[in-house]
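Summary of structural features
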Protein chains: 2
Amino acid sequence: MSEFQPTERTKVHRVAQRATYDRDTIYSILDEALVAHVGFVDEDQPYVLPMVFVRVGDSIYLHGSTRARMLAGMVAGHPVCATVTQLDGLILARSAFHHSVNYRSVAIIGSGRAVEDEARALVALEALTEKIAPGRWPTIRAPSPKEMKATLVVELPIDEVSAKVRTGPPLDDAEDLALDIWAGEIPIQTSYLSAIADPTLRDGIEMPDHVAALVK
Amino acid sequence: MSEFQPTERTKVHRVAQRATYDRDTIYSILDEALVAHVGFVDEDQPYVLPMVFVRVGDSIYLHGSTRARMLAGMVAGHPVCATVTQLDGLILARSAFHHSVNYRSVAIIGSGRAVEDEARALVALEALTEKIAPGRWPTIRAPSPKEMKATLVVELPIDEVSAKVRTGPPLDDAEDLALDIWAGEIPIQTSYLSAIADPTLRDGIEMPDHVAALVK
């Protein structure tokens, strides 16, 4: 089991028994979630933007227009925080106080850097497409040189990182267990519904297996 | 239709046709999502934490331990950004470049303030519980004076705010429409699975209707 080293900035203080620095746990959360909430600072004001992302090796990759202000700040070395959260359940306790949610969350802090090498940028874009729909990349039109020029791929190394995980049932106070109140967990599930073909889809194009496989 | 006024800080520049400042749209996104990603700054480093939240009137409310560093900073007037995102679908285009997601996202910036009045704090906690499980609040044990003392409720007025919404099919380039590639949308749905009773639940306590109603 490989562990990240908590730093002064990533050590979890609140409800510290839910903290983990375990690499496998952290990577599995990053690989399941599609969206990161990326925080950056501009004139002392924090901003948080949702962005699709992918992990490749020991970094996550974001991308967007070369004209996007936030990405420009990232590659200029401004500090960021990328937080990824999967909501797993509602915790309905006997007391209002112990109501909660089950979740898995990862926060990565650090500075991004531009992926200047076009081959490496393509690897990240391919990995992102394959994360969204495994098997799709070989079937689609690859980015043109002009599209690559308009796209900024940014790498954020997974170095200073922590995770917080809550699982299991409600944790009511002992003196509340005798109360005549139902308590338990409601698991939350995210699923895909039937695909909706593009209205402009040419006649005679069948839905490929990699799309059908997404909708179980 | 009521609109928020965009400011220098909330005016959306990237893909501006997806921006909206419409109050009803913004409130419906806030009322559907359970988790906000809250960004704050500490020594120039942004941090982003997931927090459950509820909207009441023209504010959202967060809460946590009185010892939580981030909430303490909020009530000290430090600027924050609370971003809420609902992921609605995968957009599978013919070109790699036009792959995307459908989503609805709201970003509120400003400063929080402590809800000192206990009756008002209770209203926020009740609203949060009722958002998670409508009908539950009257059935549970209310917060004790000691629990209220340990809980900090923070109000963030919805004042400087913007939303971004992407809906609809892929938007491929005209010259790609003739390609022999399937394109479309995969809608994403979040649902609740069957409730899991607390292992310590006393015998003879039936699941109440408000819990059964969550799982359709």
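Please read all numbers here as calculations on a predicted model, not as lab measurements. (Residues numbered from 1 in each chain as written. Chains lettered and ligands numbered in written order. Predicted model: local features only at pLDDT ≥ 70, side-chain atom pairs only at ≥ 80, totals over all residues.)

Here we look at the sheet that holds strand β5 (residues 59-65) of chain B
All names here are of chain B.
- The sheet built from 4 strands is open, its strands ordered β4-β5-β9-β8 with antiparallel pairing. Two strands bound the open sheet, and with one partner strand each, they are β4 (54-56) and β8 (113-114).
- Two elements, β4 and β5, share 3 bridges in a ladder whose sense is antiparallel. Directly across from V56, in β5, lies its bridge partner S59.
- Along the sheet, helix α3 (residues 118-132) makes contact with β4, β5 and β9 (151-157), crossing β4 at roughly 125°. (Pairing = 2+ DSSP bridges. Helix = DSSP H or I, 4+ residues; strand = E, 2+ residues; numbered from the N terminus. Contact = placed C-beta atoms within 7 Å. Axes fitted to C-alpha atoms, helices over the stretch in contact; angles between N-to-C directions.)

Examining the confidence of the model for chain A
- For chain A, the average pLDDT comes to 95, and 100% of its residues sit at 70 or higher.
- Overall fold confidence for the complex sits at a pTM of 0.96, while the interface term, ipTM, reaches 0.96. (pLDDT = per-residue confidence, 0-100.)

Regarding the nonpolar core
- If you look at the biggest cluster of nonpolar residues, it comprises 108 residues, and the most contacted ones within it are I60(A), A82(A) and A82(B).
- Contacts of A82(B), omitting those with residues within four sequence positions, involve A36(B), V38(B), F53(B), I60(B), I108(B) and L156(B). (Core = buried A, V, L, I, M, F, W, Y, C linked by C-beta atoms within 7 Å. Buried ≥ 20, exposed ≤ 12 C-beta atoms within 10 Å, placed from the backbone.)

Notes on the interface of chain B and chain A
- Across the contact, 81 residues belong to chain B and 81 residues belong to chain A.
- Within the residue set of the side of chain B that touches chain A, elements represented by two or more residues are β2 (35-42), β3 (45-52), β6 (79-92), β7 (100-111), α3, β11 (184-192) and β12 (196-197) of chain B.
- It is β11(B) that provides the largest number of residues to the side of chain B that touches chain A, a total of 9 residues.
- Here the residues of the side of chain B that touches chain A sort into 53 nonpolar, 16 polar and 12 charged.
- Relative to β11(B), strand β11 (residues 184-192) of chain A is paired through 5 bridges, and the arrangement is antiparallel. The partner of Y192(A) across the bridge, within β11(B), is I188(B). (Nonpolar A, V, L, I, M, F, W, Y, C, P; charged D, E, K, R; others polar.)

Details of the relation of the copies chain B and chain A
- If you rotate chain B by 180° and push it 0.0 Å along the axis, it lands on chain A with an RMSD of 0.0 Å. Overall, the copies show the geometry of a two-fold rotation axis. Using C-alpha coordinates, one finds that chain B approaches the rotation axis most closely at T190(B), a distance of 2.2 Å.
- By residue overlap, the copies meet face to face through one surface: 100% of the interface positions of chain B are interface positions in chain A. (Least-squares fit on C-alpha atoms with pLDDT ≥ 70 in both.)

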